[in-house]
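Letter by letter, the chains look like this.
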Amino acid sequence: MKSGEIMLRGKFGSKLYKGVLTAFLALLVVVFVFPIVMTTIHSFKTPSEIKSELKPIIKSSDEEEQNNQQSIGEENKYVQLKLIPSKATLNAYYDILLAQPQFLMLFWNSMRLTAPIVAGQVILSVLAAYAFSQLRFRLREPLFFAYIVVMLMPFQVTLVPNYIMANSLGLLNSEWSIILPGMFNAFGVFLMRQFMQVVPYSYIEAARMDGAGHLRILLTIVLPMCRSGIAALAVLAFIDNWNMVEQPLIFLKDAIKQPLSVYLAYISEDDIGLAFAASVIYMLPAILLMLHAEKELVEGVQLSGVKG
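As the structure is a prediction and not an experimental result, all values here were calculated from the model.

(A) The overall build of the protein, seen in detail. Summing up its helical and strand segments, the protein has 16 helices and zero strands in all. Across the 308 residues of the protein, 35% fall into the buried class. Total accessible area computed for the protein in this model is approximately 18900 Å², and 66% of it derives from carbon and sulfur atoms.

(B) Representation of the layout of surface pockets in the model. Reported here for the largest pocket is a volume of approximately 970 Å³. Around the largest pocket, the lining comprises 36 residues; the ones closest to its centre are Phe155, Thr158, Pro181, Phe184 and Asn185. Mapped by element, the contributors of at least two residues to the lining of the largest pocket are helix 5 (101-134), helix 6 (140-152), helix 7 (155-168), helix 8 (176-183), helix 9 (186-196), helix 12 (227-242) and helix 13 (246-251). Broken down by class, the residue content of the lining of the largest pocket amounts to 25 nonpolar, nine polar and two charged. Of the voids in this model, the second largest pocket is the one considered here, and its volume is about 270 Å³. Considering the residues around the second largest pocket, the lining is formed by Leu28, Val29, Phe32, Val33, Ile36, Ile287, Met290 and Leu291. Of all the secondary-structure elements, those providing two or more residues to the lining of the second largest pocket are helix 1 (3-42) and helix 15 (272-292). In terms of residue count, the dominant contributor to the lining of the second largest pocket is helix 1 (five residues).

(C) Structural context of unusual backbone geometry. Positive phi, close to 65°, is recorded for Leu139, a residue that is not glycine. Relative to the elements of secondary structure, Leu139 occurs in the loop between helix 5 and helix 6. Even without being a glycine, Asn173 presents a positive backbone phi close to 65°. Here Asn173 is to be found in the loop between helix 7 and helix 8.

(D) How the structure looks around the pattern of salt bridges. This model, assessed by the stated rule, comprises three salt bridges. Salt-bridge contacts for Glu141 lead to Arg140; the nearest nitrogen and oxygen are separated by 3.3 Å. A salt bridge links Arg193 to Glu141; its shortest N-O distance comes to 4.0 Å. With Arg193 in helix 9 and Glu141 in helix 6, the pair connects residues that are 52 residues apart, well separated along the chain. Using a relative accessible area of 8% as the deciding quantity, one classes Arg193 as buried. One network of salt bridges, with partners in common, ties together Arg140, Glu141 and Arg193.

(E) Here's a closer look at the packing of helix 12 against helix 15. The interhelical angle for the contact between helix 12 and helix 15, taken along N-to-C directions, is 170°, at an axis separation of 10 Å. It follows from the interaxial angle that helix 12 and helix 15 lie roughly antiparallel. Across the interface between the two elements, Val235, Phe238, Ile239 and Trp242 of helix 12 pack against Tyr282, Pro285, Ala286, Leu289 and Met290 of helix 15. Split into classes, the residues belonging to the contact of helix 12 with helix 15 amount to nine nonpolar, no polar and no charged.

(F) Main features of the packing of aromatic side chains. The tally for this structure, following the rule as stated, stands at 10 aromatic pairs. Between Phe132 and Tyr147, the ring centres sit 5.2 Å apart and the planes meet at 75°, which makes this aromatic pair edge-to-face. With Phe132 in helix 5 and Tyr147 in helix 6, this pair connects stretches of sequence that are 15 residues apart. Classification of Phe132 by relative accessible area gives buried; the value is 7%. Summarising the aromatic geometry, the rings of Phe238 and Trp242 are spaced 5.4 Å apart at their centres and angled 15° between planes, so their arrangement reads as stacked. Placement of the pair is Phe238 and Trp242 together in helix 12, with a separation of four residues, close to one helical turn.

What counts and what doesn't
Residues numbered from 1 in each chain as written. Predicted model: local features only at pLDDT ≥ 70, side-chain atom pairs only at ≥ 80, totals over all residues. Heavy atoms only, no water. Helix = DSSP H or I, 4+ residues; strand = E, 2+ residues; numbered from the N terminus. Buried < 20%, exposed > 50% of the residue type's maximum accessible area, 1.4 Å probe, protein only. Areas by Shrake-Rupley, 256 points an atom, 1.4 Å probe, with all protein chains shown as cover. 1 Å grid on protein atoms, 1.4 Å probe; cavity = no way out; pocket = protein on both sides within 12 Å on 5 of 7 lines; lining within 4 Å. Points joined across faces, edges and corners; volume = space filled by probe spheres on them. Nonpolar A, V, L, I, M, F, W, Y, C, P; charged D, E, K, R; others polar. Salt bridge = Lys/Arg side-chain N within 4 Å of Asp/Glu carboxyl O. Axes fitted to C-alpha atoms, helices over the stretch in contact; angles between N-to-C directions. Parallel < 35°, antiparallel > 145°, perpendicular 65-115°, else oblique. Contact = heavy atoms within 4.5 Å. Phe/Tyr/Trp six-rings, centres within 6.5 Å; stacked < 30°, edge-to-face > 60°.

Below, the structure written as structure tokens:
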């Protein structure tokens, strides 16, 4: 076989691979973006239109309606989604933002729980990661291995010990019963350690010879080299804690103290229009944060896999 034919086949195979990969990635984008688009579109529809489209998957509380559903034709047994509302309306947003002030209060509860958790998690993870990556002390590796074991445990394993601890400290039904455990996250320590390991130890020794302490070394040498890691940790921590449901349900007994993520689960099908509008507002902070820190997040996740 001639070398020219081999080169042509190689180029054709490379183009085919890129084409298949591009089509696959485009399909993934559609799959992940489609729910967001449909949620946004349905937030502008009237409740009657939403129910008519989603009738096959909505359980009606009306017995007569249930009997009618059993006798519908084959063409009405499937969800029929429309990309353009028949009659666009902002009534759902008006009800959520103006007619129901408790929604904004629950939104504020989510921010009040998430913001201190993210701030504390970043600070504690940076300090612990600095110790594990730059300091030399006994049992350093076994302790870090214990962090990895804790990180691999599901949340439900530590739920009961956290509840017992919060009860003994008198923190039940308080925001601190969620904030304090949320600050101590093993994944943040692992992620930041991966970044700090790339800092040459000679830099640390030179700074010590100049009389710099650990705090100055951390602030002037280590942190500037780990900005993308800190940004990635902050974004991931925000999304994780913004969507929490189990902790508020267990630790917060008063509904007035619970975050917006719990409120969405209690919206009935009679207020299905409010559910879509509330979902759009609920996911806006996470989407805006992802778009703002997209570059840092991608860079942070990539570097965390190749460092160390």
